Amino acid sequence: MNIADFITELYCQIDDVLPRLPQHPQAVLSLGEVVTIGVLYAVKGFSRRAFYDWLRHNYGDLFPKLPHRTRLFRRLEAKACWTGYFQAPPTILGVADSYGVELGHPVRAGRQLHQVGRRGKSNHRWILGGKRCVVLNKLGLIVDWDRATANIHDQRFLPLLACYDGQMIILTDPPKADFHRAKACPWPEQGTTQTT
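Residues numbered from 1 in each chain as written. Predicted model: local features only at pLDDT ≥ 70, side-chain atom pairs only at ≥ 80, totals over all residues. Heavy atoms only, no water.

Caption draft 1: Highlighting the overall build of the protein. Helix and strand counts for the protein come out as five helices and five strands. Expressed as a percentage of its 196 residues, the buried residues of the protein come to 33%. Residue pairs at least 24 apart in sequence account for 57% of intrachain contacts in the protein once pairs closer than 6 positions are excluded. Element-wise, carbon and sulfur atoms account for 55% of the exposed surface of the protein, whose accessible area totals about 13,100 Å². (Helix = DSSP H or I, 4+ residues; strand = E, 2+ residues; numbered from the N terminus. Buried < 20%, exposed > 50% of the residue type's maximum accessible area, 1.4 Å probe, protein only. Contact = heavy atoms within 4.5 Å. Areas by Shrake-Rupley, 256 points an atom, 1.4 Å probe, with all protein chains shown as cover.)

Okay, here's the thing in structure tokens:
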């Protein structure tokens, strides 16, 4: 399957899931097209400018009314909350784990004025970036997720797991590992965590 067929199939699946809502009269892209472009952007992982150039030059015929880059990404940010439509339903048994997303070398921490990630440990090594925690159902589909900077301990994701108390049995790391808390350890206070 080539990339154009993949984008077409992705659009068809997304458009089937999205609800039929009225659009703004000046909107040039349908809601399915906007969400498809957002998923492609998340999968590609390029910068905004590089992704927009790649999409316009290579697959502009699939999106003939593609707006300017800044307008497109403003619309993507406005529709980011729509990811909930694509999350799987919880099942009786599930799995949760966190992993680090490295955005740069730890030596480069603090070199940019608006740095996105923080320096922290993931998988027993230092990274500069963030952490993501996912909850999967028994089929391996994503039920829910959360994110934080890399300097945050995995116990910050406990409220995410608590949302499914009574609905799912969520398996995590061994008891001495990150997600489990000692009984004497208090909850972190408000304002001590930094999230992105």
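Caption draft 2: Structural detail: the pairing of strand β4 (residues 142-149). Here seven bridges tie strand β3 (residues 125-136) to β4, and the two strands are oriented antiparallel to one another. By the bridge assignment for β4, R132 is matched with R147. (Pairing = 2+ DSSP bridges.)

Caption draft 3: Region of interest: a nonpolar patch on the surface. Residues I92, L93, V95, I169 and L171 make up a contiguous nonpolar surface patch of roughly 480 Å² in combined accessible area. Elements represented by at least two residues in the nonpolar patch include exactly β1 (93-104) and β5 (169-171). By the secondary structure assignment, I169 is in strand β5. (Patch = residues over 30% accessible without salt bridge, like charges linked within 9 Å, V, L, I, M, F, W, Y side chains within 5 Å. Salt bridge = Lys/Arg side-chain N within 4 Å of Asp/Glu carboxyl O.)

Caption draft 4: The nonpolar core, seen in detail. Within the largest apolar cluster, 21 residues are counted, with the highest numbers of intra-cluster contacts made by I37, F51, L55, L66 and L72. In this structure L55 touches I37, L40, G60, F63 and L66, once residues within four positions along its chain are discounted. Formed by 13 residues, the second largest nonpolar core is a distinct cluster that contains V143, I152, L158 and Y164. (Core = buried A, V, L, I, M, F, W, Y, C linked by side-chain atoms within 4.5 Å.)

Caption draft 5: Geometry of the packing of helix α3 (residues 48-59) against helix α4 (residues 69-78). Where α3 meets α4, the closest approach of the two axes is 11 Å, and the angle between their N-to-C directions is 110 degrees. By the angle between their axes, α3 is roughly perpendicular relative to α4. Along its contact with α3, which presents R48, R49, F51 and Y52, the element α4 presents R69, L72, F73 and E77. (Axes fitted to C-alpha atoms, helices over the stretch in contact; angles between N-to-C directions. Parallel < 35°, antiparallel > 145°, perpendicular 65-115°, else oblique.)

Caption draft 6: Spotlight on the environment of L161. Positionally, L161 belongs in helix α5 (residues 158-162). Distance from L161 to W145, taken between C-alpha atoms, is 9.5 Å for residues 16 residues apart in sequence.

Caption draft 7: α4, seen in detail. If you check which residues of α4 are buried, you get R69, L72, F73 and L76. Angular distribution of buried residues about the axis of α4 spans 90 degrees; they occupy a single face of the element. Set apart from the buried face of α4 by more than 90 degrees, the exposed residues are R71, R74 and A78. Where the residues of α4 are buried, they touch α2 (31-44) and α3. (Arc of directions from axis to C-beta.)

Caption draft 8: Representation of helix α1 (residues 3-17). Compared with the 21 Å implied by 1.5 Å per residue over 15 residues, the 21 Å span of α1 between its first and last C-alpha is a close match. Turning to α1, its buried residues are I7, L10, I14 and D15. Relative to the axis of α1, the buried residues are bounded by an arc of 125 degrees and lie together on one face. Buried-residue contacts for α1 involve α2 and α3. (Expected span 1.5 Å × (residues − 1).)

Caption draft 9: Seen up close, the pattern of salt bridges. With the rule as written, the count across this model stands at four salt bridges. Among the ionic pairs, R56 bridges to D53, the shortest N-O distance being 3.2 Å. Placement of both R56 and D53 in helix α3 is noted, with a separation of three residues, approximately one turn of the helix. You can call R56 partly exposed: its relative accessible area is 40%. With a shortest N-O distance of 2.5 Å, D146 and R156 are connected by a salt bridge. Here R156 lies in the loop between β4 and α5 and D146 lies in strand β4, a separation of 10 residues in the sequence. Each member of the pair, D146 together with R156, is buried.

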